[in-house]
Amino acid sequence: MSESALPNGVERREIDGERRLATRGEPVYGEPTADGWRAWDPERSKLGGMLELGFETGLSGGETVLYLGAASGTTVSHVADFAGPTYAVEFAPRPARDLLGAAEIRDRLFPLLKDARKPETYAHVVESNVDAIVQDVATRGQAEVAVRNARFLADDGRLLLAIKARSEDVTADPETVFEGALDRLREAYEILETRRLDRFHEDHLGVVATPR
């Protein structure tokens, strides 16, 4: 992809003899670093994979972001390195502890131990009109989660979603799962781009959308 398509604060840097996506910040998950830049591994990050594949994410740097399914902070820490205020929602206590560690050294990263399926429980904390929602929630009803959280997104904002087919139905054909999820998404969003992420994440669909 072209360098101009990357958000400000995300660059390709020479790290361990390889030109890799990177953000400037403290390492979180043992990723290699060079000159203050940390490699962003697309095989451990759905959003990293979307950037590597050239998705038009609409991210330019400095955005206010709501991140759903932050887990231990692998991807959301990279996001907070280049974005503005970044609200990180994670429900499971164990990864949330690691997320807190990533947030301690990032003043723009705000961890929330909440359930992304229940946005009303954090609506008093997350500001409205966020510029982007990034979602990587490994549960059934992934499209439903995105629809419920559309309330936070600015009219011209972007949903950047990775749908994991095996989290919806391990026995179903992934394409069937994706079609059903997209149908539900279209009730609240206009779909701008979809593409399989199989190069980095098997049976995942990357989605870029904007509110209807």
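Residues numbered from 1 in each chain as written. Predicted model: local features only at pLDDT ≥ 70, side-chain atom pairs only at ≥ 80, totals over all residues. Heavy atoms only, no water.

S.K.: Is there a simple way to think about the UniProt feature "binding site: S-adenosyl-L-methionine" (unreviewed entry) in the protein in this case?
M.R.: UniProt marks Thr74, Thr75, Glu90, Phe91, Asp115, Ala116, Asp136, Val137, Ala138 and Thr139 with the feature "binding site: S-adenosyl-L-methionine" (unreviewed entry), using the numbering shown here. Locating Glu90 in the fold gives a position in strand β6 (residues 86-90). Excluding anything up to four places from it in sequence, Glu90 contacts Gly69, Ala70, Ala71, Pro95, Ala96, Leu99, Leu112, Leu113 and Lys114. At 3.5 Å, the side chain of Glu90 forms a polar contact with the backbone nitrogen of Ala70. Along the chain, Ala116 turns up in the loop between β7 (109-113) and β8 (130-135). The exposure class of Ala116 is buried, given its relative accessible area of 8%. When sequence neighbours within four positions are dropped, the list of residues in contact with Ala116 reads Leu68, Val89, Tyr122, Val137, Val145 and Asn149. (UniProt positions renumbered as here; feature names shortened; annotations may be inferred. Helix = DSSP H or I, 4+ residues; strand = E, 2+ residues; numbered from the N terminus. Contact = heavy atoms within 4.5 Å. Polar contact = N/O pair within 3.5 Å; in protein donor to acceptor, adjacent residues only side chain to side chain. Buried < 20%, exposed > 50% of the residue type's maximum accessible area, 1.4 Å probe, protein only.)

S.K.: Could you clarify how one ought to interpret the side chain of Thr210 in this entry?
M.R.: With respect to the helices, strands and loops of the structure, Thr210 is situated in strand β11 (residues 204-211). Among the polar contacts made by the side chain of Thr210, one reaches the side chain of Arg158 at a distance of 3.5 Å. When sequence neighbours within four positions are dropped, the list of residues in contact with Thr210 reads Asp155, Asp156, Gly157, Arg158, Ala188, Tyr189, Glu190 and Leu192.

S.K.: Hey, could you run me through the side chain of His78 in this one?
M.R.: Within the fold, His78 resides in helix α2 (residues 74-82). For His78, a relative accessible area of 0% corresponds to the buried category. Separated by 3.3 Å, the side chains of His78 and Arg38 make a polar contact.

S.K.: Explanation requested: α2 in the structure shown.
M.R.: Owing to its 3.6 residues per turn, the α-helix aligns residues three or four sequence positions apart on the same side. Burial within α2 is extensive, with 9 of its 9 residues counted as buried. Every buried residue belonging to α2 is among Thr74, Thr75, Val76, Ser77, His78, Val79, Ala80, Asp81 and Phe82, and all of these are buried.

S.K.: Explanation requested: the sheet that holds β11 in the structure shown.
M.R.: Paired through their backbone hydrogen bonds, the strands of a sheet run either parallel or antiparallel. Sheet architecture is open: 7 strands sit in the order β7-β6-β5-β8-β9-β11-β10, paired in mixed fashion. This sheet does not close on itself; its edge strands, each paired only once, are β7 and β10 (189-196). Averaged over all adjacent pairs, the angle separating strand axes in this sheet is 15°, with direction ignored. Sheet analysis places strand β5 (residues 65-68) next to β6, joined by 4 bridges and oriented parallel. Residue pairing across strands places Leu66 opposite Tyr87, the latter belonging to β6. Along the sheet face, helix α6 (residues 174-185) touches β9 (153-164), β10 and β11 and points at about 160° away from the line of β10. (Pairing = 2+ DSSP bridges. Axes fitted to C-alpha atoms, helices over the stretch in contact; angles between N-to-C directions.)

S.K.: Whenever I open this one, the pairing of β11 confuses me. Can you help?
M.R.: Every regular strand shows the same layout, with side chains that alternate between the two sheet faces. When you tally the buried positions in β11, you get 8 out of 8 residues, the bulk of the element. Note that β9 and β11 share 6 bridges and pair antiparallel. Looking at β11, one finds that Leu161 is bridged to Val207. Across 7 bridges, β10 lies against β11 in antiparallel orientation. Counted as the bridge partner of Tyr189 is Pro211 from β11.

S.K.: What should I look at first to understand a negative patch on the surface in this one?
M.R.: Taken together, Glu127, Asp131, Asp155 and Asp156 make up a surface patch of like negative charges. Relative to the helices and strands, Asp155 is located in strand β9. Overall, the relative accessible area of 69% leaves Asp155 in the exposed class. (Patch = residues over 30% accessible without salt bridge, like charges linked within 9 Å, V, L, I, M, F, W, Y side chains within 5 Å. Areas by Shrake-Rupley, 256 points an atom, 1.4 Å probe, with all protein chains shown as cover. Salt bridge = Lys/Arg side-chain N within 4 Å of Asp/Glu carboxyl O. Lys, Arg positive; Asp, Glu negative; His and termini not counted. Charge placed at Lys NZ, Arg CZ, Asp CG, Glu CD.)

S.K.: Please clarify how the nonpolar core should be interpreted in this entry.
M.R.: Among the nonpolar cores identified, the biggest contains 33 residues, and Leu66, Leu68, Leu185 and Tyr189 are the most heavily contacted of them. For this core, the leading source of residues is α6, giving 5 residues. If sequence neighbours within four positions are ignored, Leu68 has contacts with Val89, Ala116, Tyr122, Ile133, Val134, Gln135, Asp136, Val137, Val145 and Asn149. The next biggest cluster of nonpolar side chains, apart from the first, holds 31 residues, and it includes Val10, Val65, Tyr67 and Val76. (Core = buried A, V, L, I, M, F, W, Y, C linked by side-chain atoms within 4.5 Å.)

S.K.: Looking at this model, I keep getting lost on the sheet that holds strand β4 (residues 37-39). Mind explaining?
M.R.: The strand order across the open sheet formed by 4 strands is β1-β2-β4-β3, and the pairing between neighbours is antiparallel. With one partner strand each, in any of the chains shown, β1 (10-15) and β3 (33-34) form the two edges of the open sheet. Contacting β1, β2 (18-24) and β4, α2 crosses the sheet at an angle of about 150° to β4.

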